[in-house]
Amino acid sequence: MSKAFAGHPCCYRCTLPLSHCCCLSIALAPSSLCWTLLTHPREYLRLDNTGKLAKVVLRSGCQRIRWQRQMPPLQLPQPSYLIFPNETGQPPLTLEQIPSPAGINLIVLDATWQEARKMLRQSTWLQRLPRLQLMPEQLSQFRLRRHQQAGHLCTIEAMALAHLQWSEPIQSAALLKQLDRFQHHYQAWQSGHPPVNNADAS
């Protein structure tokens, strides 16, 4: 179950070369939250995309769908909330203001920050969704892309923060652990070294 990426046979889940696959000993973390990752078409071509990692950890609790500008996904659960900064001038919703996580769906725009803004601007159906705003207290630990702005989390970090703020620390820790393992394996592959990561021993 692998595919070719840049001439290398790759894992079909983490998409890293099989020699540096980071899928062993994944801590599966069922959650009360339901996730939809609206993935920009370019993200499917990026080896350092983190949305696919979240799907590996959360399994059936997370679906990854290609973003369509004019048409919302037919399988979009309701009610759905978009995790995105509220720029309308209205007070943003927070997770604490939602009475119960049961049955709700959280949407993340799985893209670069610039692409996510364009996705929102070009999709009126996204603009109509109620928005949730996360308040990160720490800087992003994602180090595989350059020129990132302070305060901007990658996809899997935003999901981990939501779980933490909704009192699901086990799910949050599992997502961040997978991100840490992925980054170590990715950087080892790029530098031509075997993957060595303390997280793999746990």
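Residues numbered from 1 in each chain as written. Predicted model: local features only at pLDDT ≥ 70, side-chain atom pairs only at ≥ 80, totals over all residues. Heavy atoms only, no water.

**Examining the pairing of strand β4 (residues 62-66)**
Spelled out, the test is: Whether two strands pair depends on DSSP finding at least two bridges between them. Segments assigned H or I by DSSP are reported as helices when at least four residues long, segments assigned E as strands when at least two residues long, and all are numbered from the N terminus. Handedness of a crossover: with both strands directed away from the viewer, a clockwise path from the first strand across the helix to the second marks it as right-handed.
Pairing geometry for strand β3 (residues 34-39) and β4, over five bridges, is parallel. Its bridge partner lying in β4, Thr39 is registered against Arg66. Between β3 and its parallel partner β4, the chain crosses via helix α1 (residues 51-58), and the hand of that crossover is right-handed.

**Thoughts on the sheet that holds β3**
Operational definition: Any two residues whose heavy atoms approach within 4.5 Å at even a single point are treated as in contact. Fitting a line to C-alpha atoms yields each axis, with helices limited to the stretch in contact; the angle taken between N-to-C directions then spans 0 to 180 degrees.
Read from one edge to the other, the open sheet built from five strands follows the order β4-β3-β6-β5-β7, with strand pairing classed as parallel. The sheet terminates laterally at β4 and β7 (131-132), the two strands that pair on one side only. As defined by bridge partners, strand β5 (residues 80-83) adjoins β7 across two bridges and the pair is classed as parallel. For Ile83, the partnering residue across the bridge sits in β7 and is Leu132. Helix-sheet contacts for helix α2 (residues 113-122) involve β3, β5, β6 (105-110) and β7, and the interaxial angle to β6 is about 120 degrees. Relative to the sheet, helix α4 (residues 155-165) contacts β3, β4, β5 and β6, its axis offset from that of β3 by approximately 160 degrees.

**Brief notes about unusual backbone geometry**
Note the cut-off: Working definition: with a 1.4 Å probe on protein chains only, accessible area under 20% of the residue-type maximum means buried, over 50% means exposed, and in between means partly exposed.
Residue Gln78 is joined to Pro79 through a cis peptide bond whose omega torsion reads -5 degrees. Here Pro79 shows up in the loop between β4 and β5. Despite not being glycine, Arg59 has its phi angle at roughly 55 degrees, a positive value. In this structure Arg59 comes out as partly exposed when scored by relative accessible area, which is 40%. Unlike most non-glycine residues, Ser167 shows phi in positive territory, near 60 degrees.

**Focus: the pattern of salt bridges**
Here is the rule we go by: Criterion for a salt bridge: a side-chain nitrogen of Lys or Arg within 4 Å of a carboxyl oxygen of Asp or Glu.
Going through the model one piece at a time under the given rule, you end up with four salt bridges. The salt bridge partner of Arg46 is Glu43, with a shortest N-O separation of 2.4 Å. The class of Arg46 is partly exposed, set by a relative accessible area of 24%. We classify Glu43 as buried; its relative accessible area is 2%. The residue Arg64 makes a salt bridge to Asp110 at a minimum N-O spacing of 3.5 Å. Here Arg64, found in strand β4, pairs with Asp110, found in strand β6; they are 46 residues apart in sequence, far enough to count as distant. Residue classification places Arg64 among the partly exposed residues on the basis of a relative accessible area of 23%.

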